[in-house]
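Residues per chain, in single letters:
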Number of protein chains: 2
Amino acid sequence: MHLTLAAAEALVIDALKRSGVEEGNARAVARALVAAEAAGQGGHGLRRVVAYAAQAKSGKVDGIAKPIVFQPFPSIIQIDACHGYAYPAFDLAVPLLSEMARKQGIALAAIRRSHHAGVLALTVERFAEAGLVALMVANATASMAAWGGRKPVFGTNPIAFAAPVPADDPIVIDLALSRVARGKIMAARQKGASIPADWAFDRDGQPTTDAVAALEGTMVPSGEAKGAALAMMVEILAAPLAGANFSFESTSLFDDQGAAPGLGQMLIVINPEASGGSFAASRLGELAAEISSDPGVRLPGRRGQNARKYALEHGLEVEDDVIDAILAI
Amino acid sequence: MHLTLAAAEALVIDALKRSGVEEGNARAVARALVAAEAAGQGGHGLRRVVAYAAQAKSGKVDGIAKPIVFQPFPSIIQIDACHGYAYPAFDLAVPLLSEMARKQGIALAAIRRSHHAGVLALTVERFAEAGLVALMVANATASMAAWGGRKPVFGTNPIAFAAPVPADDPIVIDLALSRVARGKIMAARQKGASIPADWAFDRDGQPTTDAVAALEGTMVPSGEAKGAALAMMVEILAAPLAGANFSFESTSLFDDQGAAPGLGQMLIVINPEASGGSFAASRLGELAAEISSDPGVRLPGRRGQNARKYALEHGLEVEDDVIDAILAI
């Protein structure tokens, strides 16, 4: 089905409100999910609406919660998402952190009792569009082991980063620390297909080509031991340093069973001129130009930005089953 | 040859002073290089003394320069290493950043006109030993391309991270973003041996097993496209955001030819209680315990910490050719 972005948002807002979500929260969630869909990240887009709505109905997510901010130190805000959706907490963080980073040089937001972080790129990009540099990490339901281990202790724990480029779209990096997305293994299981041996480990920590054994085991980190170490870094920043649940304590984002996930996110925002001086912006431009001058290289973030521009003009194509499922809520 | 740590430091101090390095700078460099050697990181240890000394003699590094601090914003210090060695700048940053992080919650040091960053683990660990969390990045002579490209634009651009664990040694992560160290390829070239096909690309961006072609080409990033993206993130933080040279503008750290390297480093230090609340320390302990409870998993940093404890008690074994080369300076 073909939809304008505004129509897609209205569809999501309606479904969430019917599930007991407060209007402002429903709008924030709808904006984020439709933006993810428009950026070509369907896995974090409209396909999530059914689970989001079911969780609001069961109380796994608090649809009427409003995030609470506390500023215990000049360069830190703690945000308690109060087991609501994550996006209202991000919307709160963006203007506050931007102002703090301009005054202090660097500022941090630690978000606890939170939910699915969605496409981190879309959050960090908002800072870069205002001339700031942002780093964001999030934990997620446990699916990766520490290197050498068998127990899932970390989520695929993404790292996102955005930096402004003068007179151009920002550089936007957004990567999960597993070699492949877990969704790829779920798709293989559904089709009864095998998977490459470097995607996952079975329950005994051995490489497996069996999608069922892989889903009972753990994901292979991107860059093996190094990726596992970075996932540990993300876990430390997003859980103990944010007052949030560990990945291995959190519940699934895909069903309406059990306690709230209570995940954590951390945002660090830097004023480039504060650290790099008055030439920082032009030097960012020089670096982007040098990187782009190599044939075959595309700056990170461009695919999503181009997809979004296309969707803004031409609207979205969404599978009928996705729309039907949302209308059926 | 067998040496106590104090004897090894005295040897380095002496060699540097004979090369025109000011005594305080020589001491800072000696401490850092001997600590690297003691941690089992010989590639950043005593083998560097000959090049360090030659650079001081030729003026590629300024042996008498003292780093200058400027605090333009409450949570930021800019350190101009003035083309001296990096370690005096790090020694200056540690107490200042620690105090700032305790007051502000988070603090950043941007270091420019700097030199070889050595073992980043040893710098971030100093903050963790004082109960703080530290993240450090550094750029380096260009040897990696952006993903899909052929031109070396990034160094192997390491990321280091340390977090305190109550009543235990800190967790310390330190990784370069190339799949393997460039030194491994240089060793293969010396022996006339071939290298695995996933270590490096040749000048045309194609995988190569020829060590000579590899050294004329670029290093494969750890985790392929994801590692290349993280190297770009590190480059942005360590160069434009620190007012430093880009990796592709810097000169070699291994010879005494050309201009000063002018590399950059960035340190970000967080007070865990400021972002995570009063339970942050005990939650860090819980996480470390959960990770360690998996048989086969060792917390990152333990190997270096154990090597250092052994060296403190039993001294260092250093190859005779390394000692002879230092004595010949």
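Cut-off values and rules
- Residues numbered from 1 in each chain as written.
- Chains lettered and ligands numbered in written order.
- Predicted model: local features only at pLDDT ≥ 70, side-chain atom pairs only at ≥ 80, totals over all residues.
- Heavy atoms only, no water.
- Helix = DSSP H or I, 4+ residues; strand = E, 2+ residues; numbered from the N terminus.
- Rg over C-alpha atoms; globule rule 2.2 N^0.38 Å.
- Buried < 20%, exposed > 50% of the residue type's maximum accessible area, 1.4 Å probe, protein only.
- Axes fitted to C-alpha atoms, helices over the stretch in contact; angles between N-to-C directions.
- Parallel < 35°, antiparallel > 145°, perpendicular 65-115°, else oblique.
- Left-handed = near helix turned anticlockwise from the far one by under 90°.
- Contact = heavy atoms within 4.5 Å.
- Buried area = accessible area lost by both parts, 1.4 Å probe.
- Salt bridge = Lys/Arg side-chain N within 4 Å of Asp/Glu carboxyl O.
- Least-squares fit on C-alpha atoms with pLDDT ≥ 70 in both.
- Pairing = 2+ DSSP bridges.
- Domains from an automatic or database assignment.
- Polar contact = N/O pair within 3.5 Å; in protein donor to acceptor, adjacent residues only side chain to side chain.
- Phe/Tyr/Trp six-rings, centres within 6.5 Å; stacked < 30°, edge-to-face > 60°.
- Lys NZ or Arg CZ within 6 Å of the ring centre and 35° of its normal.

When helices and strands are tallied, chain A shows 12 helices and 11 strands. For 329 residues, the compact-globule estimate of 2.2 N^0.38 gives 20 Å, and chain A sits close to it at 20 Å. Principal-axis analysis of the C-alpha atoms gives chain A an extent of 55 × 45 × 45 Å. Out of the 329 residues in chain A, the part that is buried amounts to 58%.

In this section: the packing of helix α4 (residues 87-104) of chain B against helix α5 (residues 120-128) of chain B. Residue and element names in this part refer to chain B. The contact between α4 and α5 brings their axes to 10 Å, and the two run at 25°. Taken together, α4 and α5 sit at an angle that is classed as roughly parallel. Considering how the two elements wind past one another, α4 and α5 form a crossing that is right-handed. Across the interface between the two elements, Phe 90, Asp 91, Ala 93, Val 94, Leu 97 and Ser 98 from α4 touch Thr 123, Arg 126 and Phe 127 from α5.

Right, let's talk about the interface of chain B and chain A for a bit. Contact with chain B, which involves 75 residues of that partner, is made by 75 residues of chain A. With both sides pooled, the region where chain B packs onto chain A buries about 5800 Å², and carbon together with sulfur makes up 70% of that total. In terms of surface lost to chain A, no three residues of chain B exceed B:Lys226, B:Leu241 and B:Arg283, which account for 11% of the buried area on that side. Summed over the shared surface of chain B and chain A, the number is four salt bridges.

A separate point is the environment of A:Ala193. Residues and elements named next belong to chain A. Summarising the element assignment, Ala 193 is placed in the loop between α6 (182-191) and β8 (200-201). Among the residues examined, Ala 193 registers a relative accessible area of 36% and is labelled partly exposed. Measuring from C-alpha to C-alpha, the distance between Ala 193 and Glu 235 comes to 32 Å, with 42 residues separating the pair along the chain. When neighbours within four sequence positions are excluded, Ala 193 is seen to be in contact with Ala 188 and Ala 211.

Take the relation of the copies chain B and chain A next. Structural alignment of chain B on chain A gives an RMSD of 0.0 Å, achieved by rotating through 180° and translating 0.0 Å along the axis. The relationship between the two copies is best expressed as a two-fold rotation axis. Among all C-alpha atoms of chain B, that of B:Gly223 lies closest to the rotation axis, at 1.9 Å. When the interface residues of chain B are mapped onto chain A, 100% of them again lie at the interface, so the same face is used by both copies.

The next subject is the sheet that holds strand β7 (residues 168-175) of chain B. Residues and elements named next belong to chain B. The strand order across the open sheet formed by seven strands is β2-β3-β4-β10-β5-β6-β7, and the pairing between neighbours is mixed. Each of the sheet's edge strands pairs with one partner strand only, and the pair in question is β2 (68-73) and β7. Pairs of neighbouring strands in the sheet enclose a mean axial angle of 15°, with direction left out of account. Judged from the seven bridges that link them, strand β4 (residues 106-114) and strand β10 (residues 263-270) form a sheet pairing that is antiparallel. From the neighbouring strand, Ile 106 faces β10, where its bridge partner is Ile 270.

So, about the pattern of salt bridges. Two side chains that carry opposite charge are able to pair once their charged atoms sit near each other. Within the structure shown, the criterion is met by 42 salt bridges over all chains. As a salt-bridge pair, B:Glu23 and B:Lys17 come within 2.8 Å of each other at their nearest N and O atoms.

What follows covers the sheet that holds strand β7 (residues 168-175) of chain A. An order of β2-β3-β4-β10-β5-β6-β7 (chain A) is seen for the seven strands of this open sheet, with the pairing classed as mixed. Since the sheet does not close on itself, it has two edges, and those belong to β2 (68-73) and β7 of chain A, each with one partner. For this sheet, the mean angle separating the axes of adjacent strands, direction not counted, is 15°. Along the sheet face, helix α8 (residues 225-238) of chain B touches β5 (133-138), β6 (159-165), β7 and β10 (263-270) of chain A and points at about 125° away from the line of β7(A).

Residue and element names in this part refer to chain A. One non-glycine residue with positive phi stands out, namely Arg 113, at about 45°. Along the polypeptide, Arg 113 turns up in strand β4 (residues 106-114). Judged by relative accessible area, which is 34%, Arg 113 ranks as partly exposed. Even without being a glycine, Asn 157 presents a positive backbone phi close to 30°. Here Asn 157 lies in the loop between β5 and β6.

Residue and element names in this part refer to chain A. Domain assignment breaks chain A into domain 1 (2-178 + 221-276 + 303-327) and domain 2 (182-219). The gap between the C-alpha centroids of domain 1 and domain 2 is 26 Å. Each partner contributes to the interface: domain 1 provides 10 residues, whereas domain 2 provides eight residues. The interface formed by domain 1 and domain 2 contains zero salt bridges. Across the contact surface, domain 1 and domain 2 share two residue pairs in polar contact (both at pLDDT 80 or more).

A few words now on the environment of B:Met186. Looking at the secondary structure, you find B:Met186 in helix α6 (residues 182-191). Note: C-alpha distance between B:Met186 and B:Ala211 (25 residues apart in sequence) is 7.2 Å.

Counted by the stated rule, this structure contains 10 aromatic pairs over all chains. Aromatic side chains A:Tyr52 and A:Tyr85 sit 5.2 Å apart centroid to centroid with 20° between the ring planes, which places their arrangement in the stacked category. Here A:Tyr52, found in helix α3 (residues 49-58), pairs with A:Tyr85, found in the loop between β3 (76-80) and α4 (87-104); they are 33 residues apart in sequence, far enough to count as distant. Comparing A:Tyr52 with A:Tyr85 shows no difference in burial state: the two are buried. Three or more aromatic residues link up through ring pairs in this structure, and these residues are A:Tyr52, A:Tyr85, A:Tyr87 and A:Phe90. The ring of A:Phe246 has B:Arg283 sitting right over it, with the charged end atom 3.9 Å from the ring centre.

For β6(A) and β7(A), the ladder comprises six bridges, and the chain directions are antiparallel. When the bridges of β7(A) are listed, A:Phe161 appears paired with A:Ile173.

Our focus in this paragraph is the pairing of β10(A). Residues and elements named next belong to chain A. Most of β10 sits inside the fold, with eight of its eight residues counted as buried. Side chains of β10 alternate between two faces, with Leu 263, Gln 265, Leu 267 and Val 269 and Gly 264, Met 266, Ile 268 and Ile 270 buried alike. Strand direction decides the pairing type here: β5 and β10, joined by six bridges, are antiparallel. The residue bridging Ala 138 from the neighbouring strand is Gln 265, located in β10.

Turning our attention to the environment of B:Gln206. Residues and elements named next belong to chain B. Among the structural elements, Gln 206 can be located in the loop between β8 (200-201) and α7 (211-216). The spacing of Gln 206 and Gly 217 is 11 residues in sequence and 8.8 Å in space, taken between C-alpha atoms. Discounting residues that sit within four places of it in the chain, Gln 206 has contacts with Ala 200 and Phe 201.

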